[in-house]
Amino acid sequence: MASRLNPYLSFNGNARQAMEFYAGVFGGNLAVNTFAGFGAEDSPDADRIMHAMLETDAGYTIMGADVPSSMEYRPMSGVSLSLSGDDADLLRGYWEKLSASGTTTMPLQKQAWGDEFGMCVDQFGVSWMVNISRPAETS
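Below or above, wherever it landed, is the structure these notes cover. Quantities reported herein were computed from a predicted structural model and do not represent experimental measurements.

**Quick look at the nonpolar core**
Nonpolar side chains in soluble globular proteins tend to end up buried together. Phe-11, Tyr-22, Phe-26, Leu-83, Leu-98 and Trp-128 are the most contacted members of the largest nonpolar core, which totals 26 residues. Where this core is concerned, the elements lending two or more residues are β1 (8-11), α1 (15-26), β3 (49-55), β5 (81-85), α2 (88-100) and β8 (127-132). Examining the composition of this core, we find that seven residues originate from one element, α1, more than from any other. Ignoring any residue separated from it by four or fewer positions in sequence, one finds Trp-128 in contact with Tyr-22, Phe-26, Ile-62, Leu-81, Leu-83, Leu-98, Gly-118, Met-119, Cys-120 and Asp-122.

As structure tokens, then:
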């Protein structure tokens, strides 16, 4: 396998719900493993998610896990996940699902550079940017 870069998201006890939400947004195959599934049946974290991986229909990979109770949870900050391209219907669909139960920080609308762009924070605290490229001009 070639090297690749994937977001790995940290959650505080709601990784299963978050990853199932992203599977609903993007489609694809979600694999979820608990701490109990890796031998920590008697742990207070037994039902928490040790590792989850979503391989989406669009070819994205999103990973996530719950922070173990022995570690300090720190909410995500300073980073956004960016979706971009020219498939306006697909990207608007992602935007609508991601922003619906979250907070829109910049509405998805035409920007000075000609593309449609918006920013939101989803219900799990993950920041998203969506950029829909303007149609190419024909000569």
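**Observations regarding the sheet that holds strand β7 (residues 116-121)**
For sheets, the rule is that strands pair by backbone hydrogen bonds, running either parallel or antiparallel. Pairing in this open sheet of four strands is mixed, and the strands run β5-β8-β7-β6 from one edge to the other. Strand pairing shows two members of the sheet lacking a second neighbour, β5 and β6 (103-110), which therefore form its edges. Neighbour-to-neighbour, the strand axes of the sheet open up by a mean angle of 10°, direction not taken into account. Of the strand pairs in this sheet, β7 and β8 are connected by six bridges, and their pairing is antiparallel. Each bridged residue has a counterpart across the sheet, and for Cys-120 the counterpart in β8 is Trp-128.

**As for the pairing of strand β4 (residues 61-66)**
In terms of burial, β4 is a largely internal element, six of the six residues being buried. Direction of pairing for β3 relative to β4: antiparallel, over a ladder of four bridges. By the bridge assignment for β4, Glu-55 is matched with Thr-61. Hairpin remark: β3 followed by β4, antiparallel, with five residues in the connecting loop; positive phi at Gly-59, about 95°.

**With respect to the sheet that holds β1**
Across the sheet, which stays open at both edges, the four strands sit in the order β1-β4-β3-β2 with mixed pairing between neighbours. The open sheet terminates on both sides in strands that have one partner only, identified here as β1 and β2 (29-34). Between one strand axis and the next, the sheet turns by 15° as a mean value, whatever way the strands run. Looking at chain direction, β1 and β4 are connected through four bridges and run parallel.

**Description of the environment of Arg-74**
When you line up the elements, Arg-74 lands in the loop between β4 and β5. Since its relative accessible area comes to 61%, Arg-74 is described here as exposed. For the pair Arg-74 and Ser-10, spaced 64 residues apart in sequence, the C-alpha separation works out to 8.3 Å.

Calculation rules
- Residues numbered from 1 in each chain as written.
- Predicted model: local features only at pLDDT ≥ 70, side-chain atom pairs only at ≥ 80, totals over all residues.
- Heavy atoms only, no water.
- Core = buried A, V, L, I, M, F, W, Y, C linked by side-chain atoms within 4.5 Å.
- Buried < 20%, exposed > 50% of the residue type's maximum accessible area, 1.4 Å probe, protein only.
- Helix = DSSP H or I, 4+ residues; strand = E, 2+ residues; numbered from the N terminus.
- Contact = heavy atoms within 4.5 Å.
- Pairing = 2+ DSSP bridges.
- Axes fitted to C-alpha atoms, helices over the stretch in contact; angles between N-to-C directions.

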